[in-house]
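Fold and contact review
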Amino acid sequence: MELDDTLIALADDTRRGILKRLAAGEARVTEVAAPFPISLNSVSKHIRILERAGLVSRRVAGRDHFLTLQRKPFDELTAWMLKTREFWSSRLDILEAALRAEDAIAAAAQTSKRTVKRKRK
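What comes next is a walk through the structure. (Residues numbered from 1 in each chain as written. Predicted model: local features only at pLDDT ≥ 70, side-chain atom pairs only at ≥ 80, totals over all residues. Heavy atoms only, no water.)

A few words now on the environment of Glu 26. Here Glu 26 is to be found in the loop between helix 2 (13-23) and strand 1 (27-28). Residue Glu 26 is classed as partly exposed on the basis of its relative accessible area, which comes to 39%. Remark: the alpha-carbon pair of Glu 26 and Phe 66, spanning 40 residues in sequence, is separated by 6.5 Å. Apart from the residues lying within four places of it in its own chain, the contact partners of Glu 26 are Arg 21, Arg 59, Phe 66, Leu 67 and Thr 68. Among the polar contacts made by the side chain of Glu 26, one reaches the side chain of Arg 59 at a distance of 2.9 Å. Separated by 3.3 Å, the side chains of Glu 26 and Thr 68 make a polar contact. (Helix = DSSP H or I, 4+ residues; strand = E, 2+ residues; numbered from the N terminus. Buried < 20%, exposed > 50% of the residue type's maximum accessible area, 1.4 Å probe, protein only. Contact = heavy atoms within 4.5 Å. Polar contact = N/O pair within 3.5 Å; in protein donor to acceptor, adjacent residues only side chain to side chain.)

Take a look at the structure:
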């Protein structure tokens, strides 16, 4: 479920923009929202999705809400991607070897047919 939340959060361009801004360091919600052509309320909804995924944490100081990027979900996503890549790479290597063997057998059969035809002439 955590991986699903991370992928859902990363699926939106606005949320990726928020994360990009937070990669530079902690920021107030209003600072994060400023560059986006949407309401503060809309940005807040995006931030809640990022918080639910664990990608962002919030610190409240008086009336100010500060956001910080959290790296753990990125590390977990990266580990999953590498594991998945390794799994499919090994499967694709096996498939490639099988297809090459099949091609070699077909080529050998073609060569054999040509040899038989030449001997008959």
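Having seen the model, we can carry on.
If you trace the 3 strands from one edge of the open sheet to the other, you get 1-3-2, paired in antiparallel fashion. Of all the strands in the sheet, the pair left with one neighbour each is strand 1 and strand 2 (56-61). The pairing of strand 1 with strand 3 (residues 64-69) spans 2 bridges and is classified as antiparallel. The partner of Arg 28 across the bridge, within strand 3, is Phe 66. This element, helix 2, spans strand 1, strand 2 and strand 3 of the sheet and lies at about 90° to strand 3. (Pairing = 2+ DSSP bridges. Axes fitted to C-alpha atoms, helices over the stretch in contact; angles between N-to-C directions.)

What follows covers the pattern of salt bridges. Taken as a whole and assessed by the stated rule, the structure comprises 7 salt bridges. When the shortest N-O distance is used, the salt bridge between Arg 16 and Asp 13 registers 3.5 Å. Linking Arg 16 with Asp 13, this pair stays in helix 2, spanning 3 residues, or about one helical turn. Of the residues examined, Asp 13 reaches a relative accessible area of 56% and is grouped as exposed. Across the pair Glu 51 and Arg 58 runs a salt bridge, and its minimum N-O distance is 2.8 Å. With a relative accessible area of 24%, Glu 51 lands in the partly exposed category. Via salt bridges that share partners, Arg 28, Glu 31 and Asp 64 belong to a single interconnected network. (Salt bridge = Lys/Arg side-chain N within 4 Å of Asp/Glu carboxyl O.)

This part covers the nonpolar core. Counting residues in each nonpolar core, the largest one holds 19 residues, and the members touching the most others are Ile 18, Leu 19, Leu 22, Leu 50, Leu 55, Val 56 and Leu 67. Elements supplying a minimum of two residues to this core: helix 1 (2-10), helix 2, helix 3 (29-33), helix 4 (40-52) and strand 3. Setting aside its immediate chain neighbours within four residues, Leu 22 contacts Ala 27, Val 32, Val 56, Leu 67 and Leu 69. (Core = buried A, V, L, I, M, F, W, Y, C linked by side-chain atoms within 4.5 Å.)

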